[in-house]
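As a plain string of letters, each chain reads:
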Amino acid sequence: MELIQQTPDLSAYLAADEAIDHEHPRVREVAGRLAKEAEDSYAYARLAFEFVRDTIPHSQDSGDPRVTWRASDVLERRTGICYAKAHALAALLRAEDIPTALCYQRFDVVHGLVAVRLDGAWHRQDPRGNKPGVNAQFSLDGERLAFAPDHAAGEADYPGLYAAPHPAVLDVLKAATDRPHLWQTLPAAL
């Protein structure tokens, strides 16, 4: 599948916004700590991915009813669903000047992940969090995502690379009173 930038200007994929608030002190602190451990941007991207995937539980897996959507809140509260974890990873990567896009897949509901631009190409990464049956890995050599769509069943990879969260995603996150409420309002398609 060919990934398609929705915004031609690559600098848009480095920008901060209300969800990807990479100028927030909490995001800067975590990014700075991870950057000290990394020898280059590739190592940093892997460390940031593993940090979000492994240290911030997916709220459905952990049973946490809180809904987060802003990257700094995800890092502070240590919880989030796929979209929120993607926002946190995008903020950490953008904080270190690595262009990062938000992208989506469609299953029963829309699933969120990121694409990182390294080696002159976009590479999708899924920081959702591993569990039995889910083994997402950071990879620049072939995708190692949490889920693969069954196209025969109507599931899909959306090719769009967004500089900001898709409005359908951000609106339901911001309106949700808790995770059970969010589960009732998740978008089924974009």
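Please refer to the structure higher up on the page.
Residues numbered from 1 in each chain as written. Predicted model: local features only at pLDDT ≥ 70, side-chain atom pairs only at ≥ 80, totals over all residues. Heavy atoms only, no water.

Caption draft 1: Focus on the pairing of strand E3 (residues 110-118). Most of E3 is tucked away, with eight of its nine residues classed as buried. In terms of strand pairing, strand E2 (residues 100-106) meets E3 through seven bridges, oriented antiparallel. Pairing of Leu102 across the sheet is with Val114, part of E3. Where E2 hands over to E3, the hairpin turn is made up of three residues, counted between the paired strands. (Buried < 20%, exposed > 50% of the residue type's maximum accessible area, 1.4 Å probe, protein only. Helix = DSSP H or I, 4+ residues; strand = E, 2+ residues; numbered from the N terminus. Pairing = 2+ DSSP bridges.)

Caption draft 2: Quick look at helix H5 (residues 82-95). Over its 14 residues, H5 runs 20 Å from end to end, which matches the ideal 20 Å to within 8%, given 1.5 Å per residue. Counting buried positions over the 14 residues of H5 gives 14, a clear majority of the element. Just past H5, the residue Asp97 takes up positive phi, approximately 60 degrees. (Expected span 1.5 Å × (residues − 1).)

Caption draft 3: Region of interest: helix H2 (residues 41-55). Taking 1.5 Å of rise per residue, the 15 residues of H2 would be expected to cover 21 Å, and the 20 Å separating its terminal C-alpha atoms lies within 8% of that figure. Of all the residues in H2, the buried ones are Ala43, Tyr44, Ala45, Ala48, Phe49, Phe51, Val52 and Arg53. Where H2 is buried, its residues touch helix H1 (25-37), helix H4 (71-77), H5, E3 and strand E4 (121-125). For H2, the N-terminal capping position is held by Asp40, with its side-chain oxygen 3.2 Å away from the main-chain nitrogen of Tyr42. (Contact = heavy atoms within 4.5 Å. Polar contact = N/O pair within 3.5 Å; in protein donor to acceptor, adjacent residues only side chain to side chain.)

Caption draft 4: Quick peek at the packing of H1 against H2. Contact geometry for H1 and H2: axes closest at 9 Å, N-to-C directions at 130 degrees. Here H2 runs oblique to H1, going by the angle between their axes. The handedness of the crossing between H1 and H2 is right-handed. Listed contacts from H2 to Val30, Ala31, Arg33, Leu34, Ala35 and Glu37 of H1 are Tyr44, Leu47, Ala48 and Phe51. Within the contact of H1 with H2, the residues separate by chemical class into eight nonpolar, no polar and two charged. (Axes fitted to C-alpha atoms, helices over the stretch in contact; angles between N-to-C directions. Parallel < 35°, antiparallel > 145°, perpendicular 65-115°, else oblique. Left-handed = near helix turned anticlockwise from the far one by under 90°. Nonpolar A, V, L, I, M, F, W, Y, C, P; charged D, E, K, R; others polar.)

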